[in-house]
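# Breakdown of the fold
Chain by chain, the residues run as shown.
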Amino acid sequence: MNSNMDTMRFLVFLSLLLYTSCHITNKEYHSFVTQLGTDTLAVESFKIHGTEFYADVVVRSPKTTLTRYKAKLNAHGGITSFKEYRFNPEKGFEGNGSFVRSIETTGDSLEITFLRNDETKTIKMGQQTKLLPFIEYTHWPVELALLQLQNKDSVRIPMLAGSRIRNFLLTKIDEYSRSFRHPFRGVMDITINDAGELESLDAGKTTRKLTVQRTVGEDIEKLALQFIKAEQKGDGFGALSGAVEKEYNINGLTIRLEYGSPSKRGRDLFGGIVPYGERWRTGANRATHIRFDKNILLEGLEVKAGEYTLFSIPEEDGGTLIINTQTGQNGRNYNQEYDLGRIALQKEALSTSVEDFTITVTESEQGVRLNLAWGYTQYYCTIKF
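Note that the structure is predicted; figures quoted are calculated from it, not measured.

With that settled, the discussion passes to unusual backbone geometry. The omega torsion of the bond from serine 61 to proline 62 falls at -5°, within 30 degrees of zero and hence cis. Counting through the fold element by element, proline 62 comes out in the loop between strand E3 (52–59) and strand E4 (65–73). Not every positive phi belongs to a glycine, and asparagine 251 is a case in point at roughly 55°. By the secondary structure assignment, asparagine 251 is in the loop between strand E16 (241–250) and strand E17 (253–262). At arginine 265, a residue that is not glycine, the phi angle is positive and equals roughly 50°. Along the chain, the position of arginine 265 falls in the loop between E17 and strand E18 (288–292).

Before going further, it helps to spend a moment on the layout of surface pockets. A water-sized probe rolled over the atoms picks out the places where empty space is left. In this structure, the largest pocket occupies an estimated 750 Å³ of space. Lining the largest pocket are 27 residues, and of these Thr206, Thr207, Lys209, Trp280 and Arg281 sit closest to its centre. In terms of residue class, the lining of the largest pocket is built from eleven nonpolar, seven polar and nine charged.

On to the pattern of salt bridges. Under the criterion given, the structure shown has 19 salt bridges. The partner of aspartate 39 in a salt bridge is arginine 265, and the shortest N-O contact between them spans 2.9 Å. Of this pair, aspartate 39 sits in strand E2 (residues 39–49) while arginine 265 sits in the loop between E17 and E18, and the two are 226 residues apart along the sequence. Between glutamate 348 and arginine 369 there is a salt bridge, and its shortest N-O distance comes to 2.8 Å.

In an α-helix there are 3.6 residues to a turn, and that puts residues three or four apart on one side. Taking 1.5 Å of rise per residue, 13 residues should cover 18 Å, and helix H3 (residues 220–232) covers 18 Å from first to last C-alpha, within 8% of that figure. Along H3, the positions that sit buried rather than exposed are Ile220, Leu223, Ala224, Phe227, Ile228 and Ala230. Along the axis of H3, the buried residues cluster in a sector spanning 160°; they form a single face. In this structure, H3 carries Lys222 and Gln232 as exposed residues pointing more than 90 degrees from its buried face. Turning to H3, the residues buried within the fold contact E2, E3 and E4. One or two positions beyond H3, positive phi appears at glycine 234, with a value near 85°.

Before going further, it helps to spend a moment on the sheet that holds strand E19 (residues 296–298). An order of E16-E17-E18-E21-E22-E23-E24-E19-E20 is seen for the nine strands of this open sheet, with the pairing classed as antiparallel. Each edge of the open sheet carries a strand with a single partner, namely E16 and strand E20 (301–303). Averaged over all adjacent pairs, the angle separating strand axes in this sheet is 35°, with direction ignored. Sheet topology places strand E22 (residues 318–324) next to strand E23 (residues 339–364); six bridges connect them, and they run antiparallel. What sits directly across from leucine 321, in E23, is isoleucine 343.

What follows covers the packing of aromatic side chains. This structure, assessed with the given rule, holds 19 aromatic pairs. Look at phenylalanine 87 and phenylalanine 93: their rings are 5.0 Å apart centre to centre, the planes differ by 75°, and that puts the pair in the edge-to-face class. With a centroid separation of 5.1 Å and 75° between ring planes, the pair formed by phenylalanine 270 and tyrosine 379 is classed as edge-to-face. Within this pair, whereas phenylalanine 270 is found in the loop between E17 and E18, its partner tyrosine 379 is found in strand E24 (residues 367–384), the two being separated by 109 residues in sequence. Given the relative accessible area of 12%, phenylalanine 270 is considered buried.

In terms of strand pairing, strand E6 (residues 98–106) meets strand E7 (residues 109–116) through six bridges, oriented antiparallel. Residue isoleucine 103 lies in a different strand from E7, and its bridge partner there is isoleucine 112. Taking the residues between adjacent antiparallel strands as the criterion, E6 and E7 are bridged by two residues, where glycine 107 takes a positive phi near 65°. Connecting E7 to the antiparallel partner strand E8 (residues 119–126) that follows it, the hairpin turn spans two residues, and asparagine 117 within it adopts a positive phi of roughly 55°.

Looking now at empty space enclosed by the protein. Throughout the structure, instances matching the rule amount to one cavity of 30 Å³ or more. Put simply, the largest cavity is a space of about 190 Å³. For the largest cavity, the lining is made up of 19 residues, of which Phe134, His139, His182, Arg185 and Met188 are closest to its centre. Contributing elements (two or more residues each) for the lining of the largest cavity: helix H2 (140–149) and strand E12 (177–182). The residue makeup of the lining of the largest cavity, split by class, is twelve nonpolar, four polar and three charged.

Let us look at the nonpolar core. Judged by nonpolar contacts, the single largest core of 47 residues is most densely connected at Trp140, Ile157, Leu170 and Phe180. The element that contributes the greatest number of residues to this core is H2, accounting for seven residues. Excluding residues within four positions of it along the chain, leucine 170 makes contact with Ala145, Leu146, Leu149, Asp153, Ser154, Val155, Ile157, Arg178, Ser179, Phe180 and Ile190. Formed by 34 residues, the second largest nonpolar core is a distinct cluster that contains Phe270, Val274, Val303 and Tyr379.

Let us look at the side chain of asparagine 74. Here asparagine 74 is to be found in the loop between E4 and strand E5 (79–87). The exposure class assigned to asparagine 74 is buried, which follows from its relative accessible area of 14%.

Take the confidence of the model for the chain next. Any residue range with low pLDDT should be treated as having predicted coordinates unsuitable for detailed reading. Model confidence for the chain is summarised by a mean pLDDT of 91, while 93% of its residues fall at 70 or above. This model gives residues 1–26 a pLDDT under 50, and the stretch forms 32 contacts once residues within four places in sequence are excluded.

What counts and how
- Each chain has its residues counted from 1, following the order in which its sequence is written.
- Local features in this predicted model are restricted to residues of pLDDT 70 or higher, and side-chain atom pairs are both shown and tallied only at a pLDDT of 80 or more, whereas totals for entire chains, interfaces and linings draw on every residue.
- The basis for the side-chain values is all heavy atoms of the structure; hydrogens and waters are excluded.
- Comment: elements are numbered from the N terminus, with helices defined as DSSP H or I runs of at least four residues and strands as E runs of at least two.
- Each cavity reported here is a set of points on a 1 Å grid over the protein atoms alone in which a 1.4 Å probe fits but cannot get out, each pocket an open set with protein on both sides within 12 Å along at least five of seven lines, and each lining residue one with an atom within 4 Å of a point.
- Grid points are joined across faces, edges and corners, and a volume is the space filled by probe spheres set on the points.
- Residues were grouped as follows: Ala, Val, Leu, Ile, Met, Phe, Trp, Tyr, Cys and Pro as nonpolar; Asp, Glu, Lys and Arg as charged; and all remaining residues, including Gly, as polar.
- Each reported salt bridge corresponds to a side-chain nitrogen of Lys or Arg within 4 Å of a carboxyl oxygen of Asp or Glu.
- What a helix should span is 1.5 Å times the count of its residues minus one.
- Buried means the residue's accessible area, taken with a 1.4 Å probe over protein chains only, is under 20% of the maximum for its type, while exposed means over 50%, and partly exposed covers the values in between.
- This arc corresponds to the set of directions leading from the helix axis out to the C-beta atoms.
- By the convention used here, residues are in contact when the closest approach between their heavy atoms is within 4.5 Å.
- Pairing between strands requires that DSSP locate at least two bridges from one strand to the other.
- Where helices are involved, their axes are fitted lines through C-alpha atoms of the stretch in contact, as for all axes, and angles between N-to-C directions lie from 0 to 180°.
- The pairing test for Phe, Tyr and Trp rings, Trp by its six-membered ring, is centres within 6.5 Å, and the orientation test on the planes gives stacked under 30 degrees, edge-to-face over 60, and tilted for anything in between.
- For our purposes a nonpolar core is just a set of buried Ala, Val, Leu, Ile, Met, Phe, Trp, Tyr and Cys residues, chained together by side-chain atoms within 4.5 Å.
- Along the chain, pLDDT gives the predictor's confidence residue by residue, from 0 to 100.

Structure representation (structure tokens):
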């Protein structure tokens, strides 16, 4: 490509940055508020000044953290340098903060320096001119990704997560709608404003189920202090989905369960974030594991003693439980070839809402019941041995 074309593209990109900079400067800092259900998960405040970018972010899960980011952008919309520092949320942005990570362009290479087990490590990889960082629960990189789309129908955005680069796909849907595809979590729906900036993001189709809304001028230090005080009083956000390990002993049968337990957080559950008629991981994170110490009959299905994974297909009037012989996998990894079998689930309404998804084993007249409860709904099946 000739130098005149490169210069023209740079000028177009720079004009977009300057427009955005002025737009943000007039309102001081712009902010994003990220929610999971009705709970605020993260708040970020950011601005672009020419080709320099600044962001302050407070995240509440699993504990409150306060982070400052600084970056320099190139003519392609990627970063040429990036620095990440962590601060004490009780003291705000006092001092220089603790180093977390940096990315620097050196010739044709990227030099990534980060902390691991209290040791500083550096790795090098080939230069990626459109590279942006991927940061959990933080969405200012998506704002920068939108600049790369410009007048294109779609563009692949290389994003650095840890020490690995993954390609995200950003696609124009219509004048004010965009889609942003995570390489394995799913698609996020984005709306933009007249300036082409991220106005809202809905990750309801992904495993994260987050929503993001643009606001103006959030006081990050003040919010961090509020969040840390709530946490100290036992009212923190906690983990998105706690890991549960339980063992039940009923009439000589031992059943061990390991599963991720997401919280309701004011959301519509079955028929909402867990759609009817679609396979569900039956929890969160790692696949739900169950172990029997004896051969059993699960609604008539013969199941030998051993460990299995459980998936389910909730329906409005019942559902299906899938017993799979593959173990050790993440809940998004399902291979039907390993199915031992599928059985029918019964459904019943609960009088009291269950905030955290819960699997229990209880004694019943028919033998033993396996119960899947969340919100005001419980699915169940019968175990005999």
